[in-house]
Amino acid sequence: MKVKYNLIHEEKNTQARLGKIETNYGTYDTPMFMPVGTQATVKTLSPEELKDVNSGIILSNTYHLWLRPGENVVDHAGGLHKFMNWDGPILTDSGGYQVFSLAKPKDITEEGVYFKNHLNGDRLFLTPEKSIEIQNKLDSDIAMSFDECPPASADHQYMKESVERTLRWAARGKAVHNNERQSLFGIIQGGPYEDLRKFSAIETVKLDFDGYSIGGVANDDESKDDMYKAIEYSVPYIPKDKTRYLMGVGEPIDIIEGVIRGIDIFDCVLPTRLARHGHAFTHSGKINLKNAKYKEDFSPIDDECDCYACKHYTKAYIKHLINSEETFGARLLSIHNIRFLIKMTEDIREAIKNDELLEYRKKFVKEYYHEDI
RNA sequence: GCGAAGUUGGUGAAGUGGUUAACACGCCGGAUUGUGGCUCCGGUAUGCGUGGGUUCGAUUCCCACACUUCGCC
């Protein structure tokens, strides 16, 4: 089946909305945060642990699975769900982000994109059709269109050409998409430019996808203000009965600001990457467990957290694991950080239900950033 | 007791008669937003065993002493 978005409630004071998304593997509440499992695993977590933190959809990656183990291996295994023993929904990114992270501008052609294989340096060529074919074989629940994700600093002229090319790629991908069980989402681009976001949104919606995402945000050269504007410029043109996905965003405040502007789902590597580097989200701010002050801190990471790590382990112990490069430390912190963001979305849903999202933001910012807004 | 070699930061160590003593690890911080990277970026010896001497100038040369290691009685 195709994913179906059901609107439950629109928050009174903002664009935020409460919804349910129906998938092949169950129905899930939105706004939602999707943990990232690039290589068919959310780094360091077992599927059971993902369930424990109340994960809904998880994200995996076309580019990486294409290179290794290859889409045919996953296909022969019976699809990505069976291959990785995950019976929840899976969204696959198209490889479009790797256009941004691995290719050079001159490698982008109308036909597709040349990549340098990060594993062995081989020259690779990925097209919109190829990306969709791979995703069909991976048999994820939601496939993403193959797009170009230009830096926010790209000038208007380049961005315009890029947006138009991404639209042509979206149409080409949709034309070859051939998996009844799999939905296909379109991606709105346009950087910080209002006219281009509007154009991209309207034209992408015309192609009629099962859901829409806003891409090209949270690049390192983009200000928060530009990111929020990019959302505001795009959302009004997305039909209300379709899922709105803000790609790559996962800093706590950005999730809140995204929801306020009408976003339903988010994904981000931040919780797992920060975990591997020893950082933890807490209700009173981000902390670095490598800091010497935690050496004999025998309290949990966050005394308000209900995760496995916080229930059973201390900062001092986890710090020791991180300092000793023991993988259990990264695992405990990943569990915690993912749970933190998912718990946040649970609280956000409650706030939307009560039309108190702005109050929630005020309280969160006060506690997390120690600032008044 | 005799002989030899050596003594540079928390550690392993480079190095030079003359601006800020290399590098690595560790330690102390920071970064991280559709994940190539257990990654990246900073900081970290006011001093080169101790005391004298030579020299315009010594961590670098000389002497003595202490300590360490090895070998021989």
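To be clear, the structure that these remarks concern was listed above.
These numbers come from a predicted model, not from an experiment.

The rules behind these values
- Residues numbered from 1 in each chain as written.
- Chains lettered and ligands numbered in written order.
- Predicted model: local features only at pLDDT ≥ 70, side-chain atom pairs only at ≥ 80, totals over all residues.
- Heavy atoms only, no water.
- 1 Å grid on protein atoms, 1.4 Å probe; cavity = no way out; pocket = protein on both sides within 12 Å on 5 of 7 lines; lining within 4 Å.
- Points joined across faces, edges and corners; volume = space filled by probe spheres on them.
- Helix = DSSP H or I, 4+ residues; strand = E, 2+ residues; numbered from the N terminus.
- Nonpolar A, V, L, I, M, F, W, Y, C, P; charged D, E, K, R; others polar.
- Domains from an automatic or database assignment.
- Pairing = 2+ DSSP bridges.
- Axes fitted to C-alpha atoms, helices over the stretch in contact; angles between N-to-C directions.
- Expected span 1.5 Å × (residues − 1).
- Contact = heavy atoms within 4.5 Å.

Q: In this structure, what is going on with the layout of surface pockets? I would like to understand it.
A: To find leftover empty space, a probe the size of one water molecule is rolled over the atoms. Put simply, the largest pocket is a space of about 1000 Å³. Contributing to the lining of the largest pocket are 41 residues, with Tyr97, Gly248, Cys268, Val269 and Arg273 lying nearest its centre. The set of elements that each furnish at least two residues to the lining of the largest pocket consists of strand E5 (58–61), helix H5 (96–101), helix H9 (224–234), strand E13 (265–268) and helix H11 (270–276). Of the residues belonging to the lining of the largest pocket, the class tally is 14 nonpolar, 16 polar and 11 charged. Looking at the lining of the largest pocket, you find at least three residues from each of domain 1 (4–268) and domain 2 (269–373). Counted as a void, the second largest pocket has a volume near 350 Å³. Put simply, the parts of the chain that give the lining of the second largest pocket at least two residues each are helix H14 (327–353) and helix H15 (357–368). Residue composition of the lining of the second largest pocket, by class: 5 nonpolar, 1 polar and 9 charged.

Q: So what exactly am I meant to see when it comes to the sheet that holds strand E2 (residues 17–23) here?
A: For sheets, the rule is that strands pair by backbone hydrogen bonds, running either parallel or antiparallel. The 3 strands lie next to each other as E1-E2-E3, forming an open sheet whose pairing is antiparallel. In the strand order of this sheet, the two ends are held by strand E1 (4–10) and strand E3 (26–30), each with one partner. Going from strand to strand, the sheet's axes swing by 20° on average, the running direction of each strand aside.

Q: What exactly am I supposed to notice about helix H7 (residues 156–176) here?
A: An α-helical turn contains 3.6 residues, so a residue and the one three or four places further along point in the same direction. Between its first and last C-alpha atoms H7 spans 30 Å; for 21 residues at 1.5 Å apiece the expected length is 30 Å, and the two agree. Looking at the buried side of H7, the elements it contacts are strand E7 (113–116), helix H6 (128–138), strand E10 (183–188) and helix H8 (194–206).

Q: I'm lost on the sheet that holds strand E9 (residues 142–144) in this one. Help?
A: Taken in spatial order, the 8 strands make up an open sheet running E4-E13-E12-E11-E10-E9-E6-E5, and their pairing is parallel. Bordering the open sheet on either side are strand E4 (32–35) and E5, each of which pairs with just one other strand. Within this sheet the neighbouring strands show an average axis-to-axis angle of 30°, counted without direction. Bridge analysis of E4 against E13 gives 4 bridges, and the strand direction is parallel. Directly across from Met34, in E13, lies its bridge partner Asp267.

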